[in-house]
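Breakdown of the fold
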Amino acid sequence: MATEGGHGPATSGEYISHHLQNLQVCRVEGEWVWNQCAGNPYAINVDSMFFSILLGVIFAWIFGSAARKASAGKPGKMQAFVELVVDFIDSSVKDTFHGTSKLIAPLALTIFVWVFFMNLMDLIPVDWLPELGLLLGVPYLKVVPTTDVNITFGMSIAVFCLIIFYTVKNKGVTGFISELTLHPIAPPTKGLGLIAAPLIIAFNFILESVALLAKPLSLSLRLFGNMFAGELIFILIAILGIWQLPLHFAWAVFHILIVTLQAFIFMMLTIVYLSLASEEH
Amino acid sequence: MDINMTLIGQTIAMIVFVWFCMKFIWPPLMNAIEERQTQIADGLAAAERGQQSLEKAKAEAEKIIGDARKQATSILDQAHARANEIVAEGKADGVKERERQLAAARSEVEQEVNRAREELRGQVSAIAVASAEKILQREIDPKAHDDILSQLASQL
């Protein structure tokens, strides 16, 4: 599609890499510069942040306006829809998380709807917004925030902090440390085995640390991988010329499933991790 | 694909949105849902109560109607019996009255007949006396032959 455009990239390789390039801003030698930030850890992906916050605001606006107008009487269509989602999240949380927490359910709702919205950006034809950006003078525009690993990691790190917070809150610091060191092999506490105890503790610690770190890592990489692959396939289909139309449609239909499923999985795993963190073994 | 400050930005954004959701979205929606749930439960309970009282009222109404029907039947029976009684009474009265009147009429007729007979008897005896007088031409003293005359009159 864009391969024939005069101002667009010439080859399909360039087309793809153009689509996968974030709009970045960073400081180089005391000045703000755009898109000269490769490898700069202080750069900010402006497009990801913009769409992420925009979609978050849309979520907050839709649900916030429904919540403000919420009444126990006969609900309007919007309120009924919002309540459907809220009720769905609430039952999912109640099925999995057995403690009482004011945070888990709103967290799950935010994650589900926000991630769903961000994933949904994938269904906008891949060239529309970048081409519009080009017209407005924006050289790069990556519209799906969840295809940016920073976004998914940012969310999973927040979840990771909550996991640690809940573990410490419910089991204490000693509980947290013992969970890291005394499982899965209980170190001997008397006799000659005492000599082997530090070794076993070290082994446990390595094992449990990996398990702990794997949670946010898998959480974010799963979402990122699915959405990135989906986006990449959309881009590849877009290269095909006229044949992209049926293929794009088919992949988009299939992608609706992925979009919803990945949002649900992210939410569900967050609840599961947090319920594991707050339950006694 | 590089890790950069976007990560921190997204974490902050997420904290803000989760906080917003926890503060302004979840509680009012949950309150509304729970309130409606209790309302619906109350409404269902009220409907059930209404159904029960309706059934009770229906049974009561049926009972009342049955009683009324029974009463109506008995009243009707009584009325029939009373009517029959009245008719019979009327008939009996009529018969009695008729017989009384008949008897009265009979006795009157009899009296009348007797009276006529007496009168006739008187007249006949007078006629007989007159005839005899004429026949005997004053020869017969009515006082001397009174017994014969009265005997004659009684034989009439």
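For the structure itself, look to the data block above.
Being a predicted model, the structure only gives us computed values, none of them experimental. Think of each chain on its own: its residues are numbered from 1, step by step along the sequence as written. Chains and ligands are labelled sequentially in the order written, the chains with letters from A and the ligands with numbers from 1. Under the rules for a predicted model, residues below a pLDDT of 70 receive no local features and side-chain atom pairs below 80 are neither given nor counted, while totals for whole chains, interfaces and linings still include all residues. With hydrogens and water stripped out, all remaining heavy atoms of the structure feed into the side-chain values.

What chain A contains, in helices and strands, is eight helices and three strands. Secondary structure of chain A in N-to-C order comes out as α-β-β-β-α-α-α-α-α-α-α. Referenced to the eigenvectors of the C-alpha coordinate spread, the extents of chain A come out at roughly 80 × 55 × 45 Å. Remark: exposure states derive from per-residue accessible area (1.4 Å probe, protein chains only) relative to the maximum for the residue type, with buried under 20%, exposed over 50%, and partly exposed in between. Of all 281 residues assigned to chain A, the portion counted as buried reaches 47%. The contact criterion used throughout is that any non-hydrogen atoms of two residues lie within 4.5 Å. Taking all contacts inside chain A whose residues are at least 6 apart in sequence as the whole, residues at least 24 apart take part in 68%. Only the protein chains shown count as covering a residue, and every accessible area follows the Shrake-Rupley method with a 1.4 Å probe. Accessible area of chain A: about 14,200 Å², with a carbon and sulfur share of 73%. Only four residue types enter the tally: Lys and Arg on the positive side, Asp and Glu on the negative side, with His and both chain ends excluded. In plain terms, the charge of a residue is placed at NZ if it is Lys, CZ if Arg, CG if Asp and CD if Glu. Seen as two clouds, the 13 positive and the 18 negative side-chain charges of chain A have centres 15 Å apart. The helix count covers DSSP runs of H or I at least four residues long, the strand count covers runs of E at least two residues long, and both are numbered beginning at the N terminus.

Right, let's talk about the state of the cysteines for a bit. In plain terms, two cysteine sulfur atoms within 2.5 Å form what is called a disulfide here. As enumerated under the stated definition, the model contains one disulfide over all chains in all. Through a disulfide, Cys26 of chain A is tied to Cys37 of chain A; the S-S separation comes to 2.1 Å. Its S-S torsion of about -95° marks the bond between Cys26 of chain A and Cys37 of chain A as left-handed, since a negative value means left-handed. With a gap of 11 residues between them, Cys26 of chain A in strand S1 (residues 24–28) and Cys37 of chain A in the loop between strand S2 (31–34) and strand S3 (44–45) connect regions that are remote in the sequence. Cys161 of chain A takes part in no disulfide bond, and the closest cysteine sulfur, belonging to Cys21 of chain B, lies 19 Å away.

Looking now at the interface of chain B and chain A. Taken residue by residue, the interface counts 28 residues in chain B and 53 residues in chain A. By convention, the term buried area covers the 1.4 Å-probe accessible surface removed from two parts as they join, with the contributions of both added. Carbon and sulfur atoms supply 74% of the area that chain B and chain A bury against each other, a total of about 3,300 Å² over both sides. For chain B, the biggest contributors to the area lost against chain A are Gln10, Phe17 and Trp26 of chain B; these three give 21% of the whole. Any Lys or Arg side-chain nitrogen found within 4 Å of a carboxyl oxygen on Asp or Glu counts as a salt bridge. For the pair chain B and chain A, the interface holds one salt bridge. Pairs of N or O atoms within 3.5 Å make up the polar contacts considered here, provided that, within protein, one atom can donate a hydrogen while the other can accept it, and that residues adjacent in sequence are counted only when both atoms are side-chain atoms. The tally of links from chain B across to chain A stands at 11 residue pairs in polar contact (both at pLDDT 80 or more). Residues of the side of chain B that touches chain A, tallied by class, amount to 19 nonpolar, six polar and three charged. Residues are sorted three ways: Asp, Glu, Lys and Arg are charged, Ala, Val, Leu, Ile, Met, Phe, Trp, Tyr, Cys and Pro are nonpolar, and all the rest, Gly among them, are polar.

By the definition in use, this model includes seven salt bridges over all chains. With a closest N to O distance of 2.8 Å, Glu179 of chain A and Lys171 of chain A form a salt bridge. By relative accessible area, Glu179 of chain A is classed as buried at 19%. Taking the shortest distance from any N to any O, the salt bridge between Arg115 of chain B and Glu112 of chain B comes out at 2.6 Å. Of this pair, Arg115 of chain B and Glu112 of chain B both sit in helix H1 (residues 6–136), three residues apart, roughly one helical turn. Overall, the relative accessible area of 42% leaves Glu112 of chain B in the partly exposed class.

Before going further, it helps to examine the packing of helix H3 (residues 77–96) of chain A against helix H4 (residues 104–120) of chain A. Residues and elements named next belong to chain A. The N-to-C vectors of H3 and H4 enclose an angle of 125°; their axes lie 9 Å apart at closest approach. In terms of orientation, H3 lies oblique with respect to H4. Crossing geometry of H3 relative to H4 is assigned as right-handed. Between H3 and H4, the residues in contact are Val85, Val86, Phe88, Ile89 and Val93 and Ile104, Ala105, Ala108, Leu109, Phe112 and Val113, respectively. In the contact of H3 with H4, the residues fall into 11 nonpolar, no polar and no charged. Comment: axis = line fitted to C-alpha atoms, over the contacting stretch for helices; angle = value between 0 and 180 degrees taken between N-to-C directions. Put simply, angles under 35 degrees are roughly parallel, angles over 145 are roughly antiparallel, angles from 65 to 115 are roughly perpendicular, and the rest are oblique. Left-handed describes a crossing whose near helix is turned anticlockwise from the far helix through less than a right angle; right-handed describes the clockwise counterpart.

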